[in-house]
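# Examining the three-dimensional arrangement
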Amino acid sequence: HKSITLSFMLTGHTRCLVDGCFGLLKRKFRRSDCYTMDQLEKVVNDSASCNKAQLIPGSGLEWRSWDSFLAKHFRPLKGIRELHHITFDSTEPGVATARKTLDGQPTDV
């Protein structure tokens, strides 16, 4: 593939039970200090009755600081909630083209 386009639904227009439960988890996670798998399990279980953590014993999963890792390779995208169509093209590494609507004006971000 030479290009990838990500299209996102408008905020507030996802009416799926899974989306609602994930939204509750995300809200709880953002307001929590979470540094271990045990803490993550508690955040998931305390977020809503529809969320239950399923730990996999002996899976060898490691908890990583994704914020610091990703910050080395990416920069924050201002106004991302308004950009519903984002395209990455192999001919322009490090540049993404974003549109508010499918037929909207493209902007390099």
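Residues numbered from 1 in each chain as written. Predicted model: local features only at pLDDT ≥ 70, side-chain atom pairs only at ≥ 80, totals over all residues. Heavy atoms only, no water.

Pairing between strand β1 (residues 3-7) and strand β2 (residues 85-89): five bridges, direction antiparallel. Within β2, the residue paired with L6 across the bridge is I86. Judged from the four bridges that link them, β2 and strand β3 (residues 96-99) form a sheet pairing that is antiparallel. Each residue of the ladder has a partner; that of F88, found in β3, is A96. Count of turn residues in the β2/β3 antiparallel hairpin: six residues, of which G94 carries a positive phi of about 85 degrees. (Pairing = 2+ DSSP bridges. Helix = DSSP H or I, 4+ residues; strand = E, 2+ residues; numbered from the N terminus.)

Further remarks concern the state of the cysteines. Inspection of every chain in the model, using the stated rule, returns one disulfide. Note that C21 is cross-linked by a disulfide to C50, the S-S spacing being 2.1 Å. The chirality of the disulfide connecting C21 with C50 is left-handed, given an S-S dihedral of about -135 degrees. On the criterion of sequence distance, the pair formed by C21 in helix α1 (residues 17-30) and C50 in the loop between α2 (37-47) and α3 (66-71) is long-range, its members being 29 residues apart. For C21, a relative accessible area of 8% puts it in the buried group. Summary of cysteine pairing: C34 is not part of a disulfide, and the nearest cysteine sulfur, belonging to C50, is at 18 Å. (Disulfide = S-S within 2.5 Å. Buried < 20%, exposed > 50% of the residue type's maximum accessible area, 1.4 Å probe, protein only.)

This part covers a nonpolar patch on the surface. On the surface, a nonpolar cluster with roughly 470 Å² of combined accessible area is contributed by F29, M37, L55, L61 and W63. Its place among the elements puts L55 in the loop between α2 and α3. (Patch = residues over 30% accessible without salt bridge, like charges linked within 9 Å, V, L, I, M, F, W, Y side chains within 5 Å. Areas by Shrake-Rupley, 256 points an atom, 1.4 Å probe, with all protein chains shown as cover. Salt bridge = Lys/Arg side-chain N within 4 Å of Asp/Glu carboxyl O.)

The next point concerns the side chain of S47. Positionally, S47 belongs in helix α2. At a separation of 2.7 Å, a polar atom in the side chain of S47 contacts the main-chain carbonyl oxygen of V44. Apart from the residues within four sequence positions on either side, S47 is in contact with L24, L25 and K28. (Polar contact = N/O pair within 3.5 Å; in protein donor to acceptor, adjacent residues only side chain to side chain. Contact = heavy atoms within 4.5 Å.)

On to the sheet that holds β2, then. Either a parallel or an antiparallel arrangement is found when strands of a sheet pair, and the pairing is made through backbone hydrogen bonds. Strand order in this open sheet of four strands is β1-β2-β3-β4, and the pairing throughout is antiparallel. The open sheet has two edge strands with one neighbour each: β1 and β4 (107-108).

At a closest axis distance of 9 Å, the pairing of α1 and α2 adopts a crossing angle of 130 degrees. In terms of orientation, α1 and α2 fall into the oblique class. With respect to the hand of their crossing, α1 and α2 are arranged in right-handed fashion. Note on element contacts: α2 touches α1 through L40, V43, V44, D46 and S47, opposite L24, L25, K28 and F29. Partitioned by chemical class, the residues of the contact of α1 with α2 number six nonpolar, one polar and two charged. (Axes fitted to C-alpha atoms, helices over the stretch in contact; angles between N-to-C directions. Parallel < 35°, antiparallel > 145°, perpendicular 65-115°, else oblique. Left-handed = near helix turned anticlockwise from the far one by under 90°. Nonpolar A, V, L, I, M, F, W, Y, C, P; charged D, E, K, R; others polar.)

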